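Here is how the chains run, residue by residue.
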Amino acid sequence: MTETYSAKDEVGQVRQRRSRWDRIWTELKKAPITAWFGMIVIAIYVIVAVFAPFIAPYGEAEVHPLPFAPWSPEHLFGTDQIGRDVFSRLIYGARNTIGIAFLTTILAFLIGGGLGLVAAINQSWLDQILSRAVDVLMAIPALIFALMLLSIFGSSVWSLVVIIALLDSTRVFRLTRAVAMNVVVMDFVEAARLRGEGLGWVMRREILPNILPPLVAEFGLRFCFVFLTIAALSFLGVGIQPPTADWGSMVRQNASLIQFAQYDLKAGLTPILPAAAIALLTIAVNFVVDWFLIKTSGLRDEV
Amino acid sequence: MHPILTTVLQRLAMGVITLFFVSLIIFSAVEFLPGDFTEAILGQSATDETVAAFRAELGLDKPAYLRYIDWIGAVMQGDLGQSFSGRSASGVDRSRAVADLIGPRLHNTLFLALMTALVAVPLALFLGITTALWRGSFYDRSVNAVTLTTISMPEFLVAYLLILLLVSLNPVFPSLANIDADTPFWERVYKSALPALTLLLVIVAHMMRMTRAAIINLLASPYIEMARLKGLSPATVILRHALPNAWAPIANVVAFNLAYLVVGVVVVEVVFVYPGIGQLMVDSVSARDIPVVQACALIFAGTYILLNLIADIVSIVTNPRLLHPR
């Protein structure tokens, strides 16, 4: 027992804090099972989307001799109306559908979030004009508006992305403006402006960090909404165009198979698969967002 | 003037202004058409005279504001213009009036929407109120789980699952809703049953959840607790104290979801090949038949604005604070 106890070491370690990853991990360990389920599903979708060419057994537009082939070891979920492998197209569909929806959501947040912050800080005629314009745009149902704009600009991926991003940015604008309003009146924002910081600094360094949690939650919900809108438009035949694989149009193309369900149940299920893939991702994102909202704002279902 | 009347008039004026701007946006759709669209409509071989005649018919030689006044004036009189389809490069014009295309289809869509709403609204209100009253019970939790699942599904998944179950595996309903003007009433109901059921599942889920949240919110307020503590019977608490304040949120919920019905109807009509205005709009978007798209968008947006307006007015008119001003 030569070692003598000294409190010095322990006192010295008190200042050492948990790293950011440690803190995230302790939060995650407390997450409910639904949130875990959601996160695992999202992770699988992301992996499939990123590594699509390595996972898919066949190419995206590779045509096989037999159209509408039944489920078999060669073609796990059969082939579609011109003989493309459904399983491979489902995998490529993850990449296209999720990728386009993600890009659209980011664009919607850049436009809507940026303008919303500007409107909240600069409460002048600019705020009035932007808010009234958003009111009018939101008076038209989004899907109807999107259909009208697509008929004018034609259905290409880029017009799809820009149109839906613009329509959804109105919702982001409303939320950002509303939550930023509460922060703009704080003393520290006043202090920053008095010491002569520019608009960009106030937006990024003073307000944005304080409104981040509701915006992140909104990002998840907005992504779901954009994802469903793009799927619906593709399903209607005016969204993502063939031969690009996409879940919405895959449902439509294989829809006729459903009549054969009483003879071959698996064939009848083929058009349901892409639709179910859409639903599963939506549910997963919703679960994670719910957990995140409870975590960050103490918001919960009143019991 | 009575405060309610002022508020209602203000809201009506707002609605008219919104409608004006929306019509302006829809009208300006033609302005953004690319320059070569006459070729796309009339074909590559269109002669210069045909193109010039077509442009003159669209009034592209007149300034935009005059065209807007002409257009909105004609729309007010029920004249929605001529469809782009059916025109040929030689200048022979077999196009049809948009109003003739839309008329019967609008009737079909209204039939479907009305049929759905008549079942959906009472059912959703019943489910919403009962789940709010027996919050946390097994009944509440199971209804919640089912509605959460239907909400997360795209409409076409619900539709195809219903087709799979009720048409392919157990042939109960027809999968195609091929109705026309001469279809007898009950056959029409039978053939529209599946599209209506799809819309019902989606709408009821939304409406029930929003009603439940509104009622729970209300039941948590101090004056309800006061009424309970006074020893009033549960029925009196609900009917005399809760309901007068619940009309506004309930009207909002109903109108919001009927407006949602307007959008949902597009996808469902396409799935079931139901000859409604939603399907017409989608077909016209693919064919880039702008006048038909404009007319459909105007009808959809108009219905949407009108429903929201009615909800607002109902919540103003039933607001106890405005009804009994101090």
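Rules behind the numbers
- Residues numbered from 1 in each chain as written.
- Chains lettered and ligands numbered in written order.
- Predicted model: local features only at pLDDT ≥ 70, side-chain atom pairs only at ≥ 80, totals over all residues.
- Heavy atoms only, no water.
- Helix = DSSP H or I, 4+ residues; strand = E, 2+ residues; numbered from the N terminus.
- Buried < 20%, exposed > 50% of the residue type's maximum accessible area, 1.4 Å probe, protein only.
- Contact = heavy atoms within 4.5 Å.
- Rg over C-alpha atoms; globule rule 2.2 N^0.38 Å.
- Areas by Shrake-Rupley, 256 points an atom, 1.4 Å probe, with all protein chains shown as cover.
- Lys, Arg positive; Asp, Glu negative; His and termini not counted.
- Charge placed at Lys NZ, Arg CZ, Asp CG, Glu CD.
- Buried area = accessible area lost by both parts, 1.4 Å probe.
- Salt bridge = Lys/Arg side-chain N within 4 Å of Asp/Glu carboxyl O.
- Polar contact = N/O pair within 3.5 Å; in protein donor to acceptor, adjacent residues only side chain to side chain.
- Expected span 1.5 Å × (residues − 1).
- Phe/Tyr/Trp six-rings, centres within 6.5 Å; stacked < 30°, edge-to-face > 60°.
- Axes fitted to C-alpha atoms, helices over the stretch in contact; angles between N-to-C directions.
- Parallel < 35°, antiparallel > 145°, perpendicular 65-115°, else oblique.
- pLDDT = per-residue confidence, 0-100.
- Left-handed = near helix turned anticlockwise from the far one by under 90°.
- Nonpolar A, V, L, I, M, F, W, Y, C, P; charged D, E, K, R; others polar.
- Core = buried A, V, L, I, M, F, W, Y, C linked by side-chain atoms within 4.5 Å.
- Patch = residues over 30% accessible without salt bridge, like charges linked within 9 Å, V, L, I, M, F, W, Y side chains within 5 Å.

Caption draft 1: Geometry of the overall build of chain B. A count of helical and extended segments in chain B gives 14 helices and 0 strands. Counting helices and strands in the order they occur from the N terminus, chain B gives α-α-α-α-α-α-α-α-α-α-α-α-α-α. Taking all 326 residues of chain B together, 47% fall into the buried category. The long-range share in chain B, meaning contacts at least 24 apart out of those at least 6 apart in sequence, stands at 71%.

Caption draft 2: Examining the overall build of chain A more closely. Helix and strand counts for chain A come out as 13 helices and 0 strands. Element order for chain A, N to C, with α for helix and β for strand: α-α-α-α-α-α-α-α-α-α-α-α-α. Relative to the globule expectation of 19 Å for 303 residues, the C-alpha radius of gyration of chain A, 25 Å, shows a markedly less compact shape. For chain A, the spread of C-alpha atoms along the three principal axes comes to 75 × 75 × 40 Å. Evaluated residue by residue, chain A yields a buried proportion of 47% over its 303 residues. The contacts of chain A with a sequence gap of at least 6 include a subset with a gap of at least 24, amounting to 70%. If you sum the accessible surface of chain A, you get close to 15700 Å²; carbon and sulfur atoms cover 65% of it. Chain A carries 24 positive and 23 negative side-chain charges, and their two centres are separated by 5 Å.

Caption draft 3: Representation of the interface of chain A and chain B in the model. Taken together, the 44 residues of chain A in the interface contact 41 residues of chain B. Summed over both partners, the interface of chain A with chain B buries about 3600 Å², with 81% contributed by carbon and sulfur atoms. One can count 0 salt bridges joining chain A with chain B. Linking chain A with chain B are 0 residue pairs in polar contact (both at pLDDT 80 or more), by the criterion used here.

Caption draft 4: A look at helix 6 (residues 138–152) of chain B. Between its first and last C-alpha, helix 6 of chain B extends 22 Å over 15 residues, near the 21 Å set by a 1.5 Å rise per residue. Buried residues of helix 6 of chain B: B:Asp140, B:Val143, B:Asn144, B:Thr147, B:Thr150 and B:Ser152, and no others.

Caption draft 5: Examining the packing of aromatic side chains more closely. Residues and elements named next belong to chain A. Counted by the stated rule, this structure contains 15 aromatic pairs over all chains. When the centroid spacing of 5.9 Å and the interplanar angle of 85° are considered together, the rings of phenylalanine 102 and phenylalanine 219 count as edge-to-face. Here phenylalanine 102 is found in helix 5 (residues 86–121), whereas its partner phenylalanine 219 is found in helix 10 (residues 199–235), with 117 residues between them in sequence. What makes phenylalanine 102 partly exposed here is its relative accessible area of 41%.

Caption draft 6: Region of the structure containing the packing of helix 7 (residues 142–153) of chain A against helix 11 (residues 234–271) of chain B. Across the interface, helix 7 of chain A lies against helix 11 of chain B with an axial gap of 8 Å and an inter-helix angle of 55°. Considering the angle they form, helix 7 of chain A stands oblique to helix 11 of chain B. Contacts between helix 7 of chain A and helix 11 of chain B pair A:Leu143, A:Ile144 and A:Leu147 from the former with B:Val263, B:Val266 and B:Val267 from the latter.

Caption draft 7: Region of interest: the confidence of the model for chain B. All names here are of chain B. Confidence in the prediction of chain B, expressed as mean pLDDT, is 80, and 89% of residues score 70 or more. Confidence, expressed as mean pLDDT per element, reaches its minimum in chain B at helix 2 (residues 37–42) with 66 and its maximum at helix 10 (residues 222–229) with 89. Our summary of model confidence lists the complex with pTM equal to 0.83 and ipTM equal to 0.80.

Caption draft 8: Structural context of the environment of B:Pro174. Residue and element names in this part refer to chain B. Within the fold, proline 174 resides in the loop between helix 7 (155–169) and helix 8 (185–191). Each C-alpha atom of the pair proline 174 and phenylalanine 300 lies 28 Å from the other, and the pair is 126 residues apart in sequence. With near-sequence residues (within four places) excluded, proline 174 lies in contact with Val167, Tyr190, Lys191 and Leu194.

Caption draft 9: View of the pattern of salt bridges. Following the criterion strictly, the structure yields 9 salt bridges over all chains and no others. Put simply, A:Arg195 and A:Glu197 hold a salt bridge, and the shortest N to O gap is 2.9 Å. Residue B:Asp312 is joined to B:Arg11 by a salt bridge in which the shortest nitrogen-to-oxygen separation is 2.5 Å. Separated by 301 residues along the polypeptide, B:Asp312 in helix 13 (residues 290–317) and B:Arg11 in helix 1 (residues 3–27) bring together distant segments of the chain. B:Asp312 gets classed as partly exposed once you look at its relative accessible area, which sits at 24%. Classification of B:Arg11 by relative accessible area gives partly exposed; the value is 23%.

Caption draft 10: Main features of the packing of helix 5 (residues 98–133) of chain B against helix 13 of chain B. All names here are of chain B. Between helix 5 and helix 13, whose axes approach to 10 Å, the crossing angle comes to 40°. Our classification of the angle between helix 5 and helix 13 gives oblique. Viewed along their axes, helix 5 and helix 13 form a crossing whose handedness is right-handed. Residue-level inspection shows Val98, Leu101, Ile102 and Leu106 of helix 5 in contact with helix 13, the latter providing Pro291, Val292, Ala295, Cys296 and Ile299. Of the residues in the contact of helix 5 with helix 13, the class split is 9 nonpolar, no polar and no charged.

Caption draft 11: Expanded view of the confidence of the model for chain A. Averaged over all residues, the pLDDT of chain A equals 83, while 92% of them reach at least 70. Scored below 50 in pLDDT, residues 299–303 of chain A makes 7 contacts in the model with residues more than four places away or belonging to other chains.

Caption draft 12: Focus on the side chain of A:Arg222. All names here are of chain A. Relative to the assigned elements, arginine 222 resides in helix 10. For arginine 222, a relative accessible area of 11% puts it in the buried group. Contact partners of arginine 222, with chain neighbours within four places excluded, come to Thr105, Phe109, Asp168, Arg171 and Val172.

Caption draft 13: Representation of unusual backbone geometry within the structure. Residues and elements named next belong to chain B. Of note, the phi angle at valine 273 is positive, near 50°, even though the residue is not glycine. Assignment of secondary structure puts valine 273 in the loop between helix 11 and helix 12 (277–287). For valine 273, a relative accessible area of 42% puts it in the partly exposed group.

Caption draft 14: How the structure looks around the nonpolar core. Residues A:Trp247, B:Phe156 and B:Tyr160 are the most contacted members of the largest nonpolar core, which totals 141 residues. When residues in this core are grouped by element, the largest group, 16 residues, is from helix 11 of chain B. The residues contacting B:Tyr160, other than those within four sequence positions of it, are A:Phe235, A:Val251, A:Ala255, A:Ile258, A:Ile272 and B:Val271. Of all hydrophobic cores here, the second largest spans 16 residues; its members include A:Val118, A:Val183, A:Val184 and A:Ile211.

Caption draft 15: Focus on a nonpolar patch on the surface. Residue and element names in this part refer to chain A. Nonpolar side chains collect at one region of the surface, where Val46, Ile47, Val50, Phe51, Phe54 and Ile55 lie side by side and expose about 590 Å² of accessible area between them. When residues of the nonpolar patch are traced back to their parent elements, those giving at least two are helix 3 (33–50) and helix 4 (52–55). No other element matches the 3 residues that helix 3 contributes to the nonpolar patch. Mapped onto the elements of the fold, phenylalanine 54 is located in helix 4.

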